Amino acid sequence: MYTQALDAQPGAAGADDAEQQARLARFQERIDRDEKIEPTDWMPEQYRHMLIRQIAQHAHSEIVGMLPEGNWITRAPSLRRKVVLIAKVQDEGGHGLYLYSAAETLGVTRAALIEQLLAGQARYSSIFNYPTLTWADIGAIGWLVDGAAIMNQIPLCRCSYGPYARAMVRICKEESFHQRQGYELMLTLARGSAAQRAMAQDAFARWWRPALMMFGPSDAHSVHTAQSMRWKIKRFSNDELRQKFIDATVPQAHFLGLSIPDPELRWDAASQHFQTGPIDWGEFEAVLRGDGPCNRERLAARREAHEAGAWVRAAAVAYAEKHPEHAPAASVG
Ligand code: FAQ
């Protein structure tokens, strides 16, 4: 396993200071040359922790993110919409699995990460603590939440850590399909009856600001951005990505004929960007503290699913013990 190589690497404590500095400098040179860092390569402990933190949060977000949309699978208005929604929710589950696997290459186990999530000790994206009240919310999530996810995640395909970057390539392709299905759903509603247009407008009004918050705190308050960008984990700051998303999304809203739920939104000719009114960071912090509209409900649903799935895990272990010849190659040894 990759983790054995990590265990064997010399720790900072035992290394002579000058040697450690030289090693850190060589590591940074590799990053600056845009070389990929692979699991068996030497890496600073802080780099490894930074990646585990971000990849785990990302994986948890995908898994918890299945819940708001899963809520509408039984109520999708047509067979076609139901099939598409089931496929999308399954994709999110798959993304979680690729990401937990990427995190495992850094020396943590998926079981430990899931335990942290269920214990309420892990972060996942703020956006999934909002409710899906109407069918139009499914369109708004695809258009705005997947749209924001793509804006944030395309640069992660060039992240310096190989396994994360490679996982993101496929994830981004699937997220693009998700975004399009959401936009197509909104377009159908926007071109539908007055009641459908009102439903689309209402969903847009509720999801717009939480979608802007997905990009994280403003650059002035972001704890990790500077180091993360030096290590080319993040390629753009939170505010840069938020602005790209706003500039891409406002014309899409205009095309749909929806009004932007922000009276202060305006085109700024000098900067050539749309400017929004202030973001309610108090609300963002409340959601991160666990006091968002659905935080408790989401964790309760994950715990229930985990307990209900105990027999599946037990059966898988029993099967693996009976049939070691079927074990995946990566887990042997
Ligand atoms: N929610 O210093 P920064 C998706 C935390 S996937 C909750 O700026 P960083 C697909 C942050 O962790 C969506 N917490 O941190 C989908 C840190 O806390 P810590 C998830 C947040 O890491 C669609 C603290 O605030 N995407 O949508 C949030 O440099 C539809 C300080 O922040 C990813 O995870 C937040 N919004 O930048 C699925 C992408 N923002 O750890 C289903 C990868 C910040 O010190 C349906 N992640 N925090 O306790 C990233 O790009 C980064 O981690 C950021 C945050 C940009 C999220």
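Look up a bit, the structure's there.
So, here is what we can say about the structure in this document.

### Some words on the overall build of the chain
Part 1 of the reasoning: Within the chain, the regular secondary structure consists of 14 helices and 2 strands.
Part 2 of the reasoning: Computed over C-alpha atoms, the radius of gyration of the chain comes to 22 Å, within 12% of the 20 Å expected from 2.2 N^0.38 for 333 residues, which places it in the range of a compact globule.
Part 3 of the reasoning: Across its three principal axes, the chain shows a C-alpha extent of roughly 70 × 60 × 35 Å.
Part 4 of the reasoning: Buried positions account for 46% of the 333 residues belonging to the chain.

### Quick word on the packing of aromatic side chains
Part 1 of the reasoning: In this structure the tally under the stated criterion is 12 aromatic pairs.
Part 2 of the reasoning: Plain terms: the ring middles of W267 and F274 are 5.0 Å apart, the flat faces sit at 70° to each other, and that makes the pair edge-to-face.
Part 3 of the reasoning: Looking at W267, the relative accessible area reads 41%, which means it is partly exposed.
Part 4 of the reasoning: Between W281 and F284, the aromatic rings sit 5.3 Å apart at their centres with planes inclined by 85°, giving edge-to-face as the arrangement. Here the residue W281 and the residue F284 both occupy positions in helix α12 (residues 281-289), the gap between them amounting to 3 residues, near one helical turn.
Part 5 of the reasoning: Residue F284 is classed as buried on the basis of its relative accessible area, which comes to 8%.
Part 6 of the reasoning: Ring-pair connections join several aromatic residues into one group, and the members of that group are W143, Y183, F204, W208, F215 and F245.
Part 7 of the reasoning: Above the ring of F236, the side-chain terminus of K244 is found at 4.5 Å from the ring centroid.

### Quick look at the environment of E45
Part 1 of the reasoning: With respect to the helices and strands, E45 occurs in helix α3 (residues 45-64).
Part 2 of the reasoning: Within the structure, E45 has its side chain in polar contact with the side chain of R48 (distance 2.8 Å).

Rules of the game
Residues numbered from 1 in each chain as written. Predicted model: local features only at pLDDT ≥ 70, side-chain atom pairs only at ≥ 80, totals over all residues. Heavy atoms only, no water. Helix = DSSP H or I, 4+ residues; strand = E, 2+ residues; numbered from the N terminus. Rg over C-alpha atoms; globule rule 2.2 N^0.38 Å. Buried < 20%, exposed > 50% of the residue type's maximum accessible area, 1.4 Å probe, protein only. Phe/Tyr/Trp six-rings, centres within 6.5 Å; stacked < 30°, edge-to-face > 60°. Lys NZ or Arg CZ within 6 Å of the ring centre and 35° of its normal. Polar contact = N/O pair within 3.5 Å; in protein donor to acceptor, adjacent residues only side chain to side chain.

Purely geometric numbers; function is a separate question.
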